[in-house]
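An overview of the molecular structure
Here's the letter readout for the chains.
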Amino acid sequence: MENQLEETLQKAMEKYRRTAEMAARDGIIPYKSEHGKWITSPYDGNSWWTGGFWSGLMWLLYTYSQDEFFRDEAVRVGELLTAEFRSFRYLNHDVGFMYLLSCGAANKLTGAEQAGQDTLHAAHLLMGRLNPVGFIRAWNGDSQKGFAIIDCMMNLSLLFRASRMTGDPRFEKAARIHADTALREFLRPDGSVSHIIEFDPETGKRVREHPGQGYCLGSQWSRGQAWGLYGFTLAYHNAEDERYLDAARKIAANFISHIRPDGLTDCDFCQPTDEERIDNIAGAIAACGLLELETITQDAGYRGAALRLVDGLIAHCCDWTDERCGVLTHCTASYHDDGAGRHTNIVYGDYFFVEALMKLIGKDPMLWL
Ligand code: GLY
């Protein structure tokens, strides 16, 4: 098994090496692959929430290979992302995804001083989104002042990191406020999580749940389940609060019970059976979260479940041809809206697939912490 993982990583690295040269030549931040080329995000230019994953993928491959090409490509994209600080208007709670994996990774892996400043800049932006009634505001629309989403659990790591970097507890306190609200309002009794909850922005009182990117209101969007699983695991890593670990374990149990026999992941665990919709990004994220849970709990069952997911991806959904620029296929951005991609190759699927492989061979630099 170890050999197969190393071989897959080696093949993936060679493919990204070829296709990253195309991205660098075009001066773009890859979002997804179409007709043998990387193309940019469908919305909001370089401020779209996924920009950091390309940089993060390059940092993982640099860690694996020590090939300076990957470091230079990560830095190139990191500079495009920090340029977005100037316009600011499209940035939202996803600055965690964007900057932990770009300047955050650069600072962690190379000690680059400016990258550390940029990481703190991003943390201040995230901190500025805290509504002290109890949540970090997700998006910027006028009708969304009270919106919080489960994905944000991943972004909280940026705040914990900023407190460690500065010795100032403010950032960590903000992260805990949001995580406690997520624990109370997003986690359901069956171990699934809601995607979007709207709060009254004046009082913090729950107003309603919204269906978000899943199949329907009250359903289980699989990527949301994976964000919750990995996000609460990271919250425990950062805060050592047992309640977050309990939540991660409940979400993990529910996710594991929905892993398909072929190891792939349905887009929503409540979706109808008459039309297949897969989101392998969810499976790749969940594999990473499960492997972290194994490290924390020493429960080998989590590794077994992660291996079922990764084996399924390797067996059925890796593209080694030049038809696609990345490797992981059958990634789906949203159940009902195909605008950001359905059953295709999307950059954050590639990122989490490689992170899972790196974890499995014991070489992950853990860019989230
Ligand atoms: N964070 C948005 C998504 O997972 O699509």
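Residues numbered from 1 in each chain as written. Predicted model: local features only at pLDDT ≥ 70, side-chain atom pairs only at ≥ 80, totals over all residues. Heavy atoms only, no water.

Looking at the pairing of strand β7 (residues 206–210)
Where strand β6 (residues 196–199) lies against β7, four bridges are found, and the strand directions are antiparallel. Of the residues in β7, the one forming a bridge with I197 is E209. Between the end of β6 and the start of β7, which pair antiparallel, lie six residues, with G204 showing a positive phi angle near 80°. (Pairing = 2+ DSSP bridges. Helix = DSSP H or I, 4+ residues; strand = E, 2+ residues; numbered from the N terminus.)

Let's talk about the packing of helix α11 (residues 280–297) against helix α12 (residues 300–316)
The interhelical angle for the contact between α11 and α12, taken along N-to-C directions, is 155°, at an axis separation of 8 Å. In terms of axis orientation, α11 runs roughly antiparallel to α12. For the element pair α11 and α12, the recorded crossing hand is left-handed. Where α11 abuts α12, its residues N280, G283, A284, A286, A287, L290, L291, L293, E294 and T297 lie against A300, Y302, R303, A305, A306, L309, V310 and L313. Grouping the constituent residues of the contact of α11 with α12 by class yields 13 nonpolar, three polar and two charged. (Axes fitted to C-alpha atoms, helices over the stretch in contact; angles between N-to-C directions. Parallel < 35°, antiparallel > 145°, perpendicular 65-115°, else oblique. Left-handed = near helix turned anticlockwise from the far one by under 90°. Contact = heavy atoms within 4.5 Å. Nonpolar A, V, L, I, M, F, W, Y, C, P; charged D, E, K, R; others polar.)

Section: empty space enclosed by the protein
A full pass over the atoms with the stated rule returns one cavity of 30 Å³ or more. The volume enclosed by the largest cavity comes to roughly 70 Å³. Along the walls of the largest cavity sit 15 residues, with S194, H195, P211, S219 and W221 positioned nearest its centre. Elements that contribute at least two residues to the lining of the largest cavity include exactly β7 and α9 (222–239). Taken together, the residues of the lining of the largest cavity break down into five nonpolar, eight polar and two charged. (1 Å grid on protein atoms, 1.4 Å probe; cavity = no way out; pocket = protein on both sides within 12 Å on 5 of 7 lines; lining within 4 Å. Points joined across faces, edges and corners; volume = space filled by probe spheres on them.)

Considerations on the packing of aromatic side chains
The full count for this structure, using the stated rule, is 26 aromatic pairs. A ring pair is formed by W38 and W54, whose centres lie 5.2 Å apart and whose planes are at 65°; its orientation type is edge-to-face. Of this pair, W38 sits in strand β2 (residues 37–39) while W54 is found in helix α2 (residues 51–65), placing the two residues 16 residues apart along the sequence. We classify W54 as buried; its relative accessible area is 0%. Taking 5.6 Å as the distance between ring centres and 55° as the angle between the ring planes, the aromatic pair formed by F53 and Y351 counts as tilted. Of this pair, F53 sits in helix α2 while Y351 sits in helix α13 (residues 347–360), and the two are 298 residues apart along the sequence. Taken individually, F53 and Y351 each receive the classification buried, so the pair is uniform in this respect. Looking at R17, its charged tip hangs above the ring of F69, at a distance of 4.1 Å from the centre. Residue placement shows R170 over the ring face of F171; its charged tip is 4.9 Å from the ring centre. (Phe/Tyr/Trp six-rings, centres within 6.5 Å; stacked < 30°, edge-to-face > 60°. Buried < 20%, exposed > 50% of the residue type's maximum accessible area, 1.4 Å probe, protein only. Lys NZ or Arg CZ within 6 Å of the ring centre and 35° of its normal.)

Concerning unusual backbone geometry
Its identity as a non-glycine residue notwithstanding, Q66 has a phi of 60°, on the positive side. Relative to the elements of secondary structure, Q66 occurs in the loop between α2 and α3 (68–87). For H330, which is not glycine, the phi torsion reads 60° and is therefore positive. Tracing the chain through its elements places H330 in the loop between α12 and α13. You can call H330 partly exposed: its relative accessible area is 27%.

Observations concerning the sheet that holds strand β5 (residues 147–149)
To summarise the sheet geometry, strands pair through backbone hydrogen bonds and adopt either a parallel or an antiparallel arrangement. Overall, antiparallel pairing links the three strands, which are arranged β5-β6-β7 in an open sheet. Across the chains shown, the open sheet's two edge strands, defined by having one partner strand only, are β5 and β7. Across the sheet, the mean angle separating the axes of adjacent strands is 25° when strand polarity is ignored. Sheet strands in contact with helix α8 (residues 170–185) are β5, β6 and β7, and its direction is about 110° off that of β6.

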